[in-house]
Amino acid sequence: DSGVTQTPKHLITATGQRVTLRCSPRSGDLSVYWYQQSLDQGLQFLIQYYNGEERAKGNILERFSAQQFPDLHSELNLSSLELGDSALYFCASSAAGTGNINSPLHFGNGTRLTVT
Amino acid sequence: DQQVKQNSPSLSVQEGRISILNCDYTNSMFDYFLWYKKYPAEGPTFLISISSIKDKNEDGRFTVFLNKSAKHLSLHIVPSQPGDSAVYFCAAKRDSNSGYALNFGKGTSLLVTP
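This report concerns the structure included in the present document. (Residues numbered from 1 in each chain as written. Chains lettered and ligands numbered in written order. Predicted model: local features only at pLDDT ≥ 70, side-chain atom pairs only at ≥ 80, totals over all residues. Heavy atoms only, no water.)

Attention now goes to the overall build of chain B. For chain B, the helix and strand inventory stands at zero helices and 11 strands. Mapped from its N terminus to its C terminus, chain B presents α and β elements in the order β-β-β-β-β-β-β-β-β-β-β. A compact globule built from 114 residues would reach a C-alpha radius of gyration of about 13 Å, and chain B, at 14 Å, matches this within 12%. The principal-axis extent of the C-alpha atoms belonging to chain B is close to 45 × 30 × 20 Å. Counting only contacts in chain B whose residues sit at least 6 apart along the sequence, the fraction spanning at least 24 positions is 55%. (Helix = DSSP H or I, 4+ residues; strand = E, 2+ residues; numbered from the N terminus. Rg over C-alpha atoms; globule rule 2.2 N^0.38 Å. Contact = heavy atoms within 4.5 Å.)

Residues and elements named next belong to chain B. Mapped onto the fold, glutamine 6 is located in the loop between β1 (4–5) and β2 (10–14). Accessibility expressed as a relative area gives 8% for glutamine 6, which makes it buried. At a separation of 2.9 Å, a polar atom in the side chain of glutamine 6 contacts the main-chain carbonyl oxygen of tyrosine 88. If we skip the residues at most four places from it in the chain, glutamine 6 touches Asn22, Cys23, Trp35, Tyr88, Phe89, Cys90, Gly105, Lys106, Gly107 and Thr108. (Buried < 20%, exposed > 50% of the residue type's maximum accessible area, 1.4 Å probe, protein only. Polar contact = N/O pair within 3.5 Å; in protein donor to acceptor, adjacent residues only side chain to side chain.)

Let's shift gears to the side chain of Ser52(B). Within the secondary structure, Ser52(B) sits in the loop between β5 (45–51) and β6 (56–59). Ignoring sequence-local partners within four residues, the contact set of Ser52(B) consists of Phe30(B), Asp31(B), Phe33(B), Leu66(B) and Lys68(B).

Attention now goes to the state of the cysteines. As used here, a disulfide is simply a covalent bond connecting the sulfur atoms of two cysteines. All told, the structure shown has two disulfides over all chains when counted by the stated rule. Cys23(A) shares a disulfide with Cys91(A); S-S distance 1.8 Å. Here Cys23(A) and Cys91(A) share a disulfide; its torsion about the S-S bond, -60 degrees, makes the bridge left-handed. Linking Cys23(A) in strand β3 (residues 19–24) with Cys91(A) in strand β9 (residues 87–94), this pair joins segments that are 68 residues apart in sequence. Of the residues examined, Cys23(A) reaches a relative accessible area of 0% and is grouped as buried. Classification of Cys91(A) as buried rests on a relative accessible area of 0%. Paired by a disulfide, Cys23(B) and Cys90(B) hold their sulfur atoms 2.0 Å apart. Its S-S torsion of about -75 degrees marks the bond between Cys23(B) and Cys90(B) as left-handed, since a negative value means left-handed. (Disulfide = S-S within 2.5 Å.)

Another aspect to go through is the sheet that holds β3(A). Residue and element names in this part refer to chain A. In space, the four strands of this open sheet follow the order β1-β3-β8-β7, with antiparallel pairing throughout. At either end of the open sheet lies a strand with only one pairing partner, and these are β1 (5–7) and β7 (64–68). On average, each strand axis in the sheet is inclined to that of its neighbour by 15 degrees, with strand direction left out of account. With three bridges joining them, β1 and β3 adopt antiparallel strand pairing. Residue pairing in the sheet places glutamine 6 in a bridge with cysteine 23 of β3. (Pairing = 2+ DSSP bridges. Axes fitted to C-alpha atoms, helices over the stretch in contact; angles between N-to-C directions.)

Encoded structure:
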């Protein structure tokens, strides 16, 4: 058990809809990261938050947004969903905000999103 | 633009033998490399890492080798055990104060047969 909790585990929705994925980091971790794993792709970095503020941005679409709340949990909002958004969405956390080699990422079990 | 490539989607090895998983990267700015292991229905878990200033790092049955000139790294598992059957992801990061964004490969599925 990594200590990172993601809800829901599965989500099925229709095109054009909006969904929210939730992540609770490990106790004490200040950074939260979101990754997307599509069928034919590796894990793609979307965005990182550190202690409530956006720290780094990757290949995140404009239809997607995220935030980290004062209690350090994070939400990833996906809107105007398309079939191609179907993927596994992973949240990870780490203690540090920067590339601290002694603070590896700990991943949750992911949310599987299916857009029909 | 896939900067980290794992060209073998799958690998099958007999129990007790050596498993060698390979990874190539294109970005010479990467300074830190990691391997993650993933079981079905679980998230990736950190396995072993290596800094670009080293060429080898060993942790029990797992050893990672880095060849910077070839932009290549490999993970050796000796001896391989059935419980090692999983998908292995190679990842790399740049030295940056802006975050810990890892670039992942697409993974290699390892099957260790009894």
